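# Topology and contacts: notes
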Amino acid sequence: MFWTPPVHALLSPITGDDGAQIEQLQLKPLFYVAQKDALARAGDDEDDQFFELAKLATGLSVKELDQLKRPDYVSIAQYVHEMSTRPASYFLGQVAEAETESDDPDQVQLLQTLNVAGRSLTSLTLEMPVLRATKAMKKLKTAKERAEFITAHCTGLMIPDLDLLTVPDWTQLQVRIDDFLNKPADFFRSATSK
C-alpha cells in the first residue's frame, strides 16, 4: 500500500518563474526536519508559518505562490494543516482501508519509504522503552530533544534518520510512544490497546 500526495488543479493558472503556465500542482509530503526548519524561519506568526510550509508542500517560489488565488491557497493550507496534524494512518486510510497489513499497533506503516543504512523501510516496529532510556530522556534540556531521543530508542533508528520521516509518520509514532510513556500495563494487555 503506497500513498502518493494529491494533485491540486488550480482554479486560476499562474505563471512559473520560467514563464510557463502552471495549471496544477503535485503536492509533496512534509518532512520532519524541513518542517522544523521552515517553522523556525517563519517565527511565531501563523500566516508566515503556513506560507513557509506551503512553499515546501508545493515547491513553488515566493513569487509563484504570491500569484495564487485565495481559494487555491486555502486548499493548499488545508493540505499543509492535515500534513502537520494528522497521523500517517489518516492518509493511508484514504488509500485503502481494507488493505491494512497489520492490526498490531506497534507495527507502524510509513507514509513514505524511509531509506536508512542502505535499507528501504516501509514500516517500523516499535519497542517499549526501558526505564533506563526514560531516565536518560528526562535529563535532556528541550521537549524536542526528549521526543527525538525516545523516538530513536523506540524505533531503533538513529536520531539523524528521524529527519527523513514525513510529519504524519512522526505524528503517528508520537501517539504510540505517548502510550508507552503514560499508560499502565493493563492498557497493553487489553484489546483496546489497538
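Residues numbered from 1 in each chain as written. Predicted model: local features only at pLDDT ≥ 70, side-chain atom pairs only at ≥ 80, totals over all residues. Heavy atoms only, no water.

## A look at a negative patch on the surface
Taken together, the side chains of Asp-44, Asp-45, Glu-46, Asp-47 and Asp-48 present a region of like negative charge at the surface. Mapped onto the elements of the fold, Asp-44 is located in the loop between helix H1 (32–42) and helix H2 (46–58). For Asp-44, a relative accessible area of 79% translates into the label exposed. (Patch = residues over 30% accessible without salt bridge, like charges linked within 9 Å, V, L, I, M, F, W, Y side chains within 5 Å. Areas by Shrake-Rupley, 256 points an atom, 1.4 Å probe, with all protein chains shown as cover. Salt bridge = Lys/Arg side-chain N within 4 Å of Asp/Glu carboxyl O. Lys, Arg positive; Asp, Glu negative; His and termini not counted. Charge placed at Lys NZ, Arg CZ, Asp CG, Glu CD. Helix = DSSP H or I, 4+ residues; strand = E, 2+ residues; numbered from the N terminus. Buried < 20%, exposed > 50% of the residue type's maximum accessible area, 1.4 Å probe, protein only.)

## Things to note about the confidence of the model for the protein
Averaged over all residues, the pLDDT of the protein equals 90, while 93% of them reach at least 70. By mean pLDDT, helix H5 (residues 88–95) is the weakest element of the protein at 81, and strand S2 (residues 21–26) is the strongest at 97. Considering only residues more than four positions removed or in separate chains, one finds that residues 96–101, a stretch of pLDDT under 50, has five contacts. (pLDDT = per-residue confidence, 0-100. Contact = heavy atoms within 4.5 Å.)

## Concerning the pattern of salt bridges
As a working rule, side chains carrying opposite charge can pair if their charged atoms are close by. Within this structure, the stated rule accounts for eight salt bridges. Here Arg-41 ties to Glu-52 by a salt bridge, and the two come within 3.1 Å at their closest N and O atoms. Here Glu-52 lies in helix H2 and Arg-41 lies in helix H1, a separation of eleven residues in the sequence. When its relative accessible area of 54% is taken as the criterion, Arg-41 is described as exposed. The salt bridge involving Lys-144 is made with Glu-148; its shortest N-O contact spans 3.4 Å. Taken together, the positions of Lys-144 and Glu-148, both in helix H7 (residues 143–155) and four residues apart, correspond to about one turn of that helix. According to the relative accessible area criterion, Lys-144 is partly exposed, its value standing at 41%.

## Focus on the packing of H7 against helix H9 (residues 167–182)
As a packed pair, H7 and H9 sit with axes 10 Å apart at the nearest point and diverge in direction by 85 degrees. Classed by the angle they form, the pair H7 and H9 counts as roughly perpendicular. The residues of H9 that touch H7, namely those facing Ala-147, Glu-148, Ile-150, Thr-151, Cys-154 and Thr-155, are Trp-170, Leu-173, Gln-174, Ile-177, Phe-180 and Leu-181. Each residue belonging to the contact of H7 with H9 can be placed in one class, and the counts come to eight nonpolar, three polar and one charged. (Axes fitted to C-alpha atoms, helices over the stretch in contact; angles between N-to-C directions. Parallel < 35°, antiparallel > 145°, perpendicular 65-115°, else oblique. Nonpolar A, V, L, I, M, F, W, Y, C, P; charged D, E, K, R; others polar.)

## A closer look at the environment of Leu-65
By secondary structure assignment, the location of Leu-65 is in helix H3 (residues 62–65). Setting aside residues no more than four positions away along its own chain, Leu-65 makes contact with Phe-51, Ala-54, Lys-55, Thr-58 and Leu-60.

## Details of H1
Looking only at H1, the buried set comprises Tyr-32, Gln-35, Ala-38 and Ala-42. Taken end-on, H1 shows its buried residues confined to a sector of 130 degrees, consistent with a single buried face. Pointing more than 90 degrees away from the buried face of H1 are the exposed residues Ala-40 and Arg-41. Next to the buried residues of H1 lie H2, helix H4 (70–85), H7, helix H8 (159–162) and H9. (Arc of directions from axis to C-beta.)

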